[in-house]
Structure formats: C-alpha cells, structure tokens
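Examining the three-dimensional arrangement
Here is how the chains run, residue by residue.
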Amino acid sequence: MLRIAIPNKGTLSGPAAEMLREAGYRQRADSRDLVCRDDANDVEFFYLRPRDIAVYVGSGDLDLGITGRDLLVDAGSPAEEALDLDFGGATFRFAARAEAVSSVEQIAGQRIATAYPGVVERHLADRGIKAEVIRLDGAVENAVRLGVADVVADVVSTGATLRQAGLTIIGEPILRSSAVLIRRLDAPANAQADQLLRRLQGVLVARRYVMLAYNVPTELLVRATALTPGIDSPTVSSLHREGWVAVQAMVLRDEVHRIMDELYDLGARAILVTDIHACRL
Ligand SMILES: Nc1ncnc2c1ncn2[C@@H]1O[C@H](COP(=O)(O)OP(=O)(O)OP(=O)(O)O)[C@@H](O)[C@H]1O
Ligand SMILES: O=P(O)(O)OC[C@H]1O[C@H](OP(=O)(O)OP(=O)(O)O)[C@H](O)[C@@H]1O
Ligand SMILES: [Mg+2]
C-alpha cells in the first residue's frame, strides 16, 4: 500500500485534499481524522503538519508527500520535488524597517528572525553573508517591533502583514515557493507512485487547458490550426456541409478568449469551449 503525507491544516491543506479528490482518491470526511485509507486505490493518506512532511518522506517512512517548497528546503532532509502542484504560491523574503536596513548588503551583522532557519542559513552561507539567525515559531513580523531582531525572513503572499508591521521588502525573493509533491531522494522505482504522479499531472492539465471545438471553411484550415495547434495535433473531422471541417484542440484556459476572437475574425463558426475533467496525456 502506498503511504502518502498530506498537510492536516494550514494554507496547503484544503487545496491538497481537493487536488487528490480530483485525481480520484478518497479523502477524510472529518478534519480531525489523521489517517484515511483508500482501499480502492491501495493508498493510505497520513495528515501531518506540512513542516514535518519532508522529514517523514526523507526518512523513507512515507513514500510521497505534499508540502511547500520552502518547507522542503528548510527541512534539509533527503527528499526531492517530483511535481510542482501549482497552488500555495508565495515568495520567501527578507524585510525590515526601511530606515534601518534597505539593501541585501546591509543584512550582514544583523539579527534575522525567521520560522525557516534552514532556508535562511543556506541562503546566507551561499552568499558568504554573516548574520545571526533567530528561530521563532511564527508571527515573526512582531520581532522587529519588539526589538528581538532587525530583519525578518518570512513567507509573503499579499504583503499585507509586512505593511501592517511597518516593514519593507529587501531585495529579490530568497525563493519562490508553491506546493510540491515530494519523494525520497534515490527512491526505488515504484509503479504505484508513478501512477499517482500521472494522475496529479492529469489534474494539472485539466485545470490549465480547455477543449476548443469549431467549424471552419476547408481553405482556412491551415491558418485556423496555426492558432490551435493543440498539444500533439488538432483533430480534424469532416462535416456534412461541403467545404467545411470541424476542428478540436486543447487550448490554454488563459488564452481561450483571445483565440476564439481570432478564430471568429478568420471565419470559424460554432466555436465551443468545454472543460476537461480529467486526462492522461
Ligand atoms: N499566505 C500564506 N501564508 C502562509 N503560508 C503560505 C501562504 N501561501 C502559501 N503558503 C505556504 O504554506 C506553507 C506553510 O503552511 P503552514 O501550514 O505551516 O502555515 P500556515 O498556512 O500559515 O498555517 P499556520 O501558520 O496556521 O500553521 C508554506 O509552504 C508557505 O509557502
Ligand atoms: O503577505 P500576506 O498575505 O500578509 O501573508 C503572509 C503572512 O501569512 C503567514 O502568516 P500566518 O497568518 O500563517 O501566521 P504565522 O506567522 O503564525 O504562520 C506568513 O507567515 C506571513 O506572516
Ligand atoms: Mg503560518
């Protein structure tokens, strides 16, 4: 039975369970349950703190896990990213009072408060910057106000928390995070794990793409399919109406309205968009 760690609470918890449900896996009905068996798929889910997930996967006690890239790096455990899951996006950044520290160069010698000491220490070491790292559990923005630190290093999403604490971002992001599927480094080949990975890839494609269908005069087919090349190739079928063909192709959801306008201007008609619920490419 495949054993998978997923976040029991926090930002990543809901979207992780939602994605697994979309991939056809059973998820817990009660948010207090810590284990959920999916016998039909021969998989067992363990609901754990996202910070601990890389530890369980790195040790080999669990086969796969869903956590944040920043938490994976912070744990420093022998696990690697198998797939970017495209949710839980955030940056990890330095911030400080603008009048005290305003550039990365000025961070040297300062006290940096963070709940991610592994990420920060690695970043400083890579750049040869010497600074004191103060490990806190959360709400690190308060550390500057309370005089415990000069700089914070934390997850930034909207930036509202930093603004409210009177802090300004310093430099470029230390890293860009999102939810990732992780596995142990050098894990042996596992057909069941590969199947789960393919299912999640299928969900990502189904979310990113829509199916576009339209009719177009045969003489415009080359120009129309240049707008809708699909992933492998568009499907072209004959129509009862002479001189016209029907085309079907997958199109990026974000681009579909622009492409529909261009197809209409070209002379295509009966242009229809449908959602993709699942796929294996
Ligand atoms: N707006 C956000 N705030 C916090 N973490 C976020 C946000 N967006 C994405 N994340 C990611 O969520 C993970 C942190 O999850 P975690 O459950 O530890 O914190 P949380 O969602 O803030 O919950 P809590 O602090 O209540 O325990 C990190 O990978 C982080 O990058
Ligand atoms: O840029 P924003 O949209 O404001 O979001 C980022 C904030 O959200 C998280 O805090 P959380 O509420 O999880 O509290 P915590 O520090 O106790 O984890 C994170 O640690 C930042 O403080
Ligand atoms: Mg938090």
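Residues numbered from 1 in each chain as written. Chains lettered and ligands numbered in written order. Predicted model: local features only at pLDDT ≥ 70, side-chain atom pairs only at ≥ 80, totals over all residues.

Helices and strands together make up the secondary structure of the protein, namely nine helices and 15 strands. Its C-alpha atoms give the protein a radius of gyration of 24 Å, clearly above 19 Å, the size a compact globule of 281 residues would have. Looking at the 281 residues of the protein, the share that counts as buried comes to 33%. Partitioning the contacts of the protein with sequence separation of at least 6, the portion at a separation of at least 24 is 67%. (Helix = DSSP H or I, 4+ residues; strand = E, 2+ residues; numbered from the N terminus. Rg over C-alpha atoms; globule rule 2.2 N^0.38 Å. Buried ≥ 20, exposed ≤ 12 C-beta atoms within 10 Å, placed from the backbone. Contact = placed C-beta atoms within 7 Å.)

With that settled, consider the site of ligand 1. Neighbouring residues of ligand 1: 15 residues in total, closest Gly10, Thr11, Gly68, Ala90 and Ser157. Sorting the residues of the shell around ligand 1 by element identifies α2 (50-58) and α3 (69-75) as the ones contributing at least two each. Of the residues that constitute the shell around ligand 1, the class distribution is six nonpolar, seven polar and two charged. Residue contributions to the shell around ligand 1 reach at least three from each of two domains, namely domain 1 (2-87 + 178-206) and domain 2 (90-176). (Near = placed C-beta within 6 Å. Nonpolar A, V, L, I, M, F, W, Y, C, P; charged D, E, K, R; others polar. Domains from an automatic or database assignment.)

A word on the site of ligand 2. Every residue close to ligand 2 is listed here: Gly138, Ala139, Glu141, Asp154, Val155, Val156, Ser157, Thr158, Gly159, Ala160 and Thr161. Here the shell around ligand 2 gets three residues from one element, more than from any other, and that element is strand β9 (residues 151-156). Taken together, the residues of the shell around ligand 2 break down into four nonpolar, five polar and two charged.

Overall, mixed pairing links the six strands, which are arranged β2-β3-β1-β4-β11-β5 in an open sheet. Each having just a single partner strand, β2 (35-38) and β5 (79-84) make up the two edges of the open sheet. With strand direction ignored, the average angle separating the axes of adjacent strands in the sheet is 30 degrees. Pairing analysis gives six bridges linking strand β1 (residues 2-7) to strand β3 (residues 43-48), with the strands arranged parallel. Within β3, the residue paired with Ala5 across the bridge is Phe46. Running over the sheet, helix α1 (residues 13-22) touches β1, β4 (64-68) and β11 (179-184) and is turned about 145 degrees from β1. The strands touched by helix α7 (residues 191-208) are β1, β4, β5 and β11; relative to β5, the strand with the most contacts, the crossing angle is about 40 degrees. (Pairing = 2+ DSSP bridges. Axes fitted to C-alpha atoms, helices over the stretch in contact; angles between N-to-C directions.)

For the rest of this paragraph, the subject is the environment of Ala115. If you trace the backbone, Ala115 turns up in the loop between β7 (111-114) and α4 (117-127). Here the alpha-carbon distance between Ala115 and Ala139, two residues 24 residues apart in the chain, equals 8.8 Å.

UniProt's feature table lists "domain: ATP phosphoribosyltransferase catalytic" (unreviewed entry) at residues 49-202, given in the numbering used throughout. This span, residues 49-202, is 31% helix and 31% strand, and a straight line between its end C-alpha atoms measures 26 Å. (UniProt positions renumbered as here; feature names shortened; annotations may be inferred.)

Take the environment of Glu44 next. The topology assignment puts Glu44 in strand β3. Residues Glu44 and Met1 lie 43 residues apart in sequence; the distance between their C-alpha atoms is 6.8 Å. If we ignore the near neighbours within four places in the chain, the residues touching Glu44 are Met1, Arg3, Val35 and Arg37.

Look at Asp42: it is not a glycine, yet its phi comes out positive at around 60 degrees. Topologically, Asp42 is positioned in the loop between β2 and β3. For Asp186, which is not glycine, the phi torsion reads 60 degrees and is therefore positive. Mapped onto the secondary structure, Asp186 falls in the loop between β11 and α7.

Let us now look at the sheet that holds strand β12 (residues 209-217). With respect to topology, four strands assemble into an open sheet ordered β13-β14-β12-β15, the strand pairing being antiparallel. Two strands close off the open sheet at either side, each with one partner strand: β13 (235-238) and β15 (269-275). On average, each strand axis in the sheet is inclined to that of its neighbour by 20 degrees, with strand direction left out of account. The pairing of β13 with strand β14 (residues 244-252) spans four bridges and is antiparallel. Within β14, the position partnered with Ser237 by the bridge is Ala246.

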